[in-house]
2 protein chains.
Amino acid sequence: MSKVMRPERPALSREYILDRALGLVDRDGIEAFTFRKLALEIGADPMAAYYYFPNKAALFDGIVEAIYLEVAPSASFSADDSSVPPRDRILTAARSMRCAFLRHPRALPLVATRPASTPRMAVLVEAFLGLLAEAGIGGARALDAITCISVYTIGHALAQAGEPAGGGTPAGVEGLLQEADRYPRLSAAAAHFADYDPDRQFDLGLAALVDGLLGAGD
Amino acid sequence: MSKVMRPERPALSREYILDRALGLVDRDGIEAFTFRKLALEIGADPMAAYYYFPNKAALFDGIVEAIYLEVAPSASFSADDSSVPPRDRILTAARSMRCAFLRHPRALPLVATRPASTPRMAVLVEAFLGLLAEAGIGGARALDAITCISVYTIGHALAQAGEPAGGGTPAGVEGLLQEADRYPRLSAAAAHFADYDPDRQFDLGLAALVDGLLGAGD
DNA sequence: ACCTGAACACCGTTCAAGT
DNA sequence: ACCTGAACACCGTTCAAGT
């Protein structure tokens, strides 16, 4: 019955630390993230995390990796269910990336900023290349398609996450709309702010992009 | 002949400070940017900038604004040169945004992350709405198109800027390619890394996206 | 191997003060 | 109005030390 009274804490590990770190970023944002706050969160010395990560950048890379691990736990991504055409499976794959991204809006600047070349990314790219091959796209065109679809997906999620949590009119635009004569078209467009639906909009652009990329070589 | 020997320095101003701040970010990156280094750069007390900006976030917002001010100094953006079809003028507008972005690769995370709703943005959006109207797109569809094209443009520039300056094979991918049997398609695609051209790729996706968005309502 | 704690060289920001 | 300088409450990271 020696040190039984110590506050019980899961054994420290890379995964556990990343999990709590991502939780902190989700809650308080990247700016507020600190090794010292992380230490409080995991109940250890401020420097404990340095045993698992050489520095903050490496820990952030780990967070990005953790988010990509949430993308499409195998299923819809690589399944070659021939009953649904490859074009639609490509759309589904992009949506499942988007879904993982939107689960961590405040961490997205990390995802958008740190190019990951990990085994996980290789698996995702490999699967996507498979989908594209089924759609008749290969070689350089496949790489182009993957990049274009990826940057559109991350870009859209990032912009959506950056918006004021309200979801209605983008912040500050109201002020500009006072001068309706200076921005007549913008003012007219403001009528449509109410029924803005990010998911529908994303799908709209995604379909345009994918169809254009698939059809370009005919 | 009192204080003549003082190192000559332009009078401090919002614009001057932003200009030097952007220069620092361009040179050393966002992480390394510090009010104290900025002070050295402008030859003033570390706290001098606080007279013009309430905090670091406000200064970063100013940097983003400064970059958008570099977009298409009027010309190609709003010109209704009827000899070139609206569809092509939309492409040109997106390219001119991209061009301004690529002039400041290390500042791009700021641009991608801070939604700007300033008069300058209103002017750009207003002009873009004009182009879309000429192409027969208005209302909610125009807002969708602007957002989709914008996020694609910023997303692509951000990804490109995030790459290792080398430009060749994305960092670390070589390591993964050792296990060619695990990632057969990725390995095959690697043959095309050499002739990767970001501008061509951007144009490819942009054309797909724009044509899809313009044609969707027929 | 895994974690602690003191120490160092920084930060952003506040505030009272100078001109 | 515009800028300075000291001070405060933090940071990330190093390193020697503990178990």
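One can find the structure itself at the top, above this paragraph.
Residues numbered from 1 in each chain as written. Chains lettered and ligands numbered in written order. Predicted model: local features only at pLDDT ≥ 70, side-chain atom pairs only at ≥ 80, totals over all residues. Heavy atoms only, no water.

## Concerning the overall build of chain A
What counts, and what does not: Where helices and strands are cited, they refer to DSSP runs of H or I of at least four residues and of E of at least two residues respectively, numbered from the N terminus. Accessible area is worked out with a 1.4 Å probe on protein chains only. A residue is then buried under 20% of its type maximum, exposed over 50%, and partly exposed in between. Contacts are assigned to residue pairs that have any heavy atoms within 4.5 Å of one another. All accessible areas in this document rest on Shrake-Rupley with a 1.4 Å probe, and a residue is counted as covered only by the protein chains that are shown.
Along its length, chain A carries 11 helices and zero strands. For chain A, the proportion of its 218 residues judged to be buried stands at 44%. A fraction of 76% describes how many contacts in chain A between residues 6 or more apart in sequence connect residues 24 or more apart. Carbon and sulfur atoms make up 57% of the accessible area of chain A, which totals about 10700 Å².

## Details of the relation of the copies chain A and chain B
The condition that has to hold: Fitting of the copies onto one another was done by least squares over C-alpha atoms, counting residues only where both copies have pLDDT of at least 70.
Superposition record for chain A on chain B: RMSD 0.0 Å, screw rotation 180°, translation along axis 0.0 Å. What the superposition gives is, in effect, a two-fold axis relating one chain to the other.

## Thoughts on helix α3 (residues 56–69) of chain B
Residue and element names in this part refer to chain B. The test is simple: The length a helix should cover is 1.5 Å for every residue beyond the first. Side-chain atoms alone can form a polar contact between residues adjacent in sequence; in general such a contact is a pair of N or O atoms within 3.5 Å, and within protein one must be able to donate a hydrogen while the other accepts it.
Taking 1.5 Å as the rise per residue, α3 with 14 residues should run 20 Å; its terminal C-alpha atoms sit 20 Å apart, in good agreement. Within α3, the full set of buried residues consists of Leu59, Phe60, Gly62, Ile63, Val64, Glu65, Ala66, Ile67 and Tyr68. Elements that come into contact with the buried residues of α3 comprise α1 (14–28), α2 (35–42), α5 (86–102), α6 (108–113) and α7 (119–134). The distance from a side-chain oxygen at the start of α3 to the backbone nitrogen of Ala57 is 3.3 Å, and the residue carrying that oxygen is Asn55.

## Quick word on the pattern of salt bridges
If charged atoms from side chains of opposite charge come close, those side chains can pair. Stated precisely, the cut-off is as follows: Salt bridges, as used here, are contacts in which a Lys or Arg side-chain nitrogen is within 4 Å of a carboxyl oxygen on Asp or Glu.
The full count for this structure, using the stated rule, is 22 salt bridges over all chains. For Asp144(A), the salt bridge is made with Arg200(B), and the minimal N-O distance between the two is 3.2 Å. Taken together, the residues Asp144(A) in helix α8 (residues 139–162) and Arg200(B) in helix α11 (residues 198–215) connect one chain to another. Where Arg182(B) meets Glu179(B), a salt bridge forms, and the shortest distance between an N and an O atom there is 2.8 Å. When salt bridges that share partners are traced, they join Arg20(A), Arg27(A) and Glu41(A) into one network.

## Observations concerning the protein's contact with DNA strand D
Here is the rule we go by: Nearness of a residue to a molecule or strand requires only that one of the residue's heavy atoms be within 4 Å of it. As a working rule, the residues Ala, Val, Leu, Ile, Met, Phe, Trp, Tyr, Cys and Pro are called nonpolar, Asp, Glu, Lys and Arg charged, and the rest polar, with Gly in that last group.
Surrounding DNA strand D, one finds 18 residues, the nearest of these being Arg36(A), Met47(A), Asp45(B), Tyr51(B) and Tyr52(B). Of everything in DNA strand D that lies within 4 Å of the protein, sugar and phosphate atoms constitute 55%. Here a phosphate oxygen of DNA strand D and a backbone polar atom of Phe35(A) are 3.2 Å apart. Ranked by residue count, the leading element in the surface near DNA strand D is helix α2 (residues 35–42) of chain A, at three residues. Its residues assigned to classes, the surface near DNA strand D comprises 10 nonpolar, two polar and six charged.

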